[in-house]
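Below are the chains, spelled out letter by letter.
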Amino acid sequence: MKLLLSNTSGVPIYEQLKAQIKEAILSGELAEGEALPSLRQLAKDLRISVLTVTRAYTQLEQEGFVTNVQGKGCYVLSRDNGMIREQLLRTVEQHLEQGVRAARTAGLSWEELVSMLQGQWEEESHE
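Rules used in this analysis
- Residues numbered from 1 in each chain as written.
- Predicted model: local features only at pLDDT ≥ 70, side-chain atom pairs only at ≥ 80, totals over all residues.
- Heavy atoms only, no water.
- Phe/Tyr/Trp six-rings, centres within 6.5 Å; stacked < 30°, edge-to-face > 60°.
- Lys NZ or Arg CZ within 6 Å of the ring centre and 35° of its normal.
- Pairing = 2+ DSSP bridges.
- Helix = DSSP H or I, 4+ residues; strand = E, 2+ residues; numbered from the N terminus.
- Polar contact = N/O pair within 3.5 Å; in protein donor to acceptor, adjacent residues only side chain to side chain.
- 1 Å grid on protein atoms, 1.4 Å probe; cavity = no way out; pocket = protein on both sides within 12 Å on 5 of 7 lines; lining within 4 Å.
- Points joined across faces, edges and corners; volume = space filled by probe spheres on them.
- Nonpolar A, V, L, I, M, F, W, Y, C, P; charged D, E, K, R; others polar.
- Axes fitted to C-alpha atoms, helices over the stretch in contact; angles between N-to-C directions.
- Parallel < 35°, antiparallel > 145°, perpendicular 65-115°, else oblique.
- Left-handed = near helix turned anticlockwise from the far one by under 90°.
- Contact = heavy atoms within 4.5 Å.
- Salt bridge = Lys/Arg side-chain N within 4 Å of Asp/Glu carboxyl O.
- Buried < 20%, exposed > 50% of the residue type's maximum accessible area, 1.4 Å probe, protein only.

Undergrad: Help me understand the packing of aromatic side chains in this model?
TA: Geometry of an aromatic ring pair is reported as the spacing of the ring centres plus the angle between the planes. Taken as a whole, this structure holds zero aromatic pairs when the rule is applied. Taking the ring centre of Tyr14 as reference, the NZ or CZ of Arg55 above it sits at 3.8 Å.

As structure tokens, then:
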């Protein structure tokens, strides 16, 4: 997992870290049961404070993406977890909302939009 942080983005470092780890979990790059890097090691690798990493990991745990096993580390929870499913549904809704707006702007009919969606669904199923 490659993490890129920016001091000039205006987004707090812990938020950037949390978002990138969350995306890696949602995309399947980080698998269920996989250990996240230790707090100290990640802080050292990224040249940030251990407290910053702790804050990101704590929020990921509160949101249901990881679990912290005392003395052993932080592990990715199942994608079947209800909170992760909710997050995925929100992401789908946001993308569909953008797609519907673009389709209306382009003057597509409902049937054309459904046909495009079906084509995408089938294309993704074969990959």
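Undergrad: Hey, could you run me through the pairing of strand β1 (residues 66–69) in this one?
TA: Taken residue by residue, a regular strand's side chains alternate between the two faces of the sheet. Bridging between β1 and strand β2 (residues 73–76) involves four bridges; their strand directions are antiparallel. In the sheet register, Val69 faces β2, and the bridge partner there is Gly73. Hairpin connection between β1 and β2: a loop of three residues separates the two successive antiparallel strands, and Gly71 in this loop has a positive phi of roughly 80°.

Undergrad: I keep staring at the environment of Asp45 and nothing clicks. Help me out?
TA: Inspection of the secondary structure assignment puts Asp45 in helix α2 (residues 39–46). Sequence separation of Asp45 and Leu3 is 42 residues, and the distance between their C-alpha atoms is 9.9 Å. For Asp45, the side chain forms a polar contact with the side chain of Gln41, separated by 2.7 Å.

Undergrad: Mind showing me how you'd approach the layout of surface pockets here?
TA: If you roll a probe as big as a water molecule over the atoms, it shows you where there is empty space left. If you add up the space inside the largest pocket, you get close to 330 Å³. Along the walls of the largest pocket sit 17 residues, with Leu39, Tyr57, Asn68, Gly73 and Cys74 positioned nearest its centre. Secondary structure elements with two or more residues in the lining of the largest pocket: α2, α3 (50–62), β1 and β2. Ranked by residues supplied to the lining of the largest pocket, first place goes to α3 with four residues. Within the lining of the largest pocket, the residues separate by chemical class into seven nonpolar, seven polar and three charged. As for the second largest pocket, its lining consists of Thr91, Val92, His95, Leu96, Leu117, Gln120, Trp121 and Glu124. Looking at the lining of the second largest pocket, its residues break down into four nonpolar, three polar and one charged.

Undergrad: What is the right way to read the packing of α2 against α3 from this model?
TA: Relative orientation and spacing of two packed helices are given, respectively, by the angle between their axes and the distance between those axes. Running from N to C, α2 and α3 cross one another at 120°; their axes reach a closest spacing of 8 Å. What the angle tells us is that α2 and α3 run oblique. The two elements α2 and α3 meet at a crossing, and its hand is right-handed. Where α2 approaches α3, its residues Leu39, Arg40, Leu42 and Ala43 are matched on the opposing element by Val50, Val53, Thr54 and Tyr57. Grouping the constituent residues of the contact of α2 with α3 by class yields six nonpolar, one polar and one charged.

Undergrad: What's the story with the pattern of salt bridges in this structure? I'm lost.
TA: When charged atoms on two side chains of opposite charge get close, those side chains can pair. Counted under the stated rule, the structure contains four salt bridges. Lys22 is the salt-bridge partner of Glu63, the closest N and O atoms lying 2.7 Å from each other. You can see Glu63 sitting in the loop between α3 and β1 and its partner Lys22 sitting in helix α1 (residues 13–26), a full 41 residues away along the chain. Judged by its relative accessible area of 23%, Glu63 falls in the partly exposed class. By relative accessible area, Lys22 is classed as buried at 13%. Its salt-bridge partner being Arg101, residue Glu97 comes within 2.5 Å of it at the nearest N-O pair.

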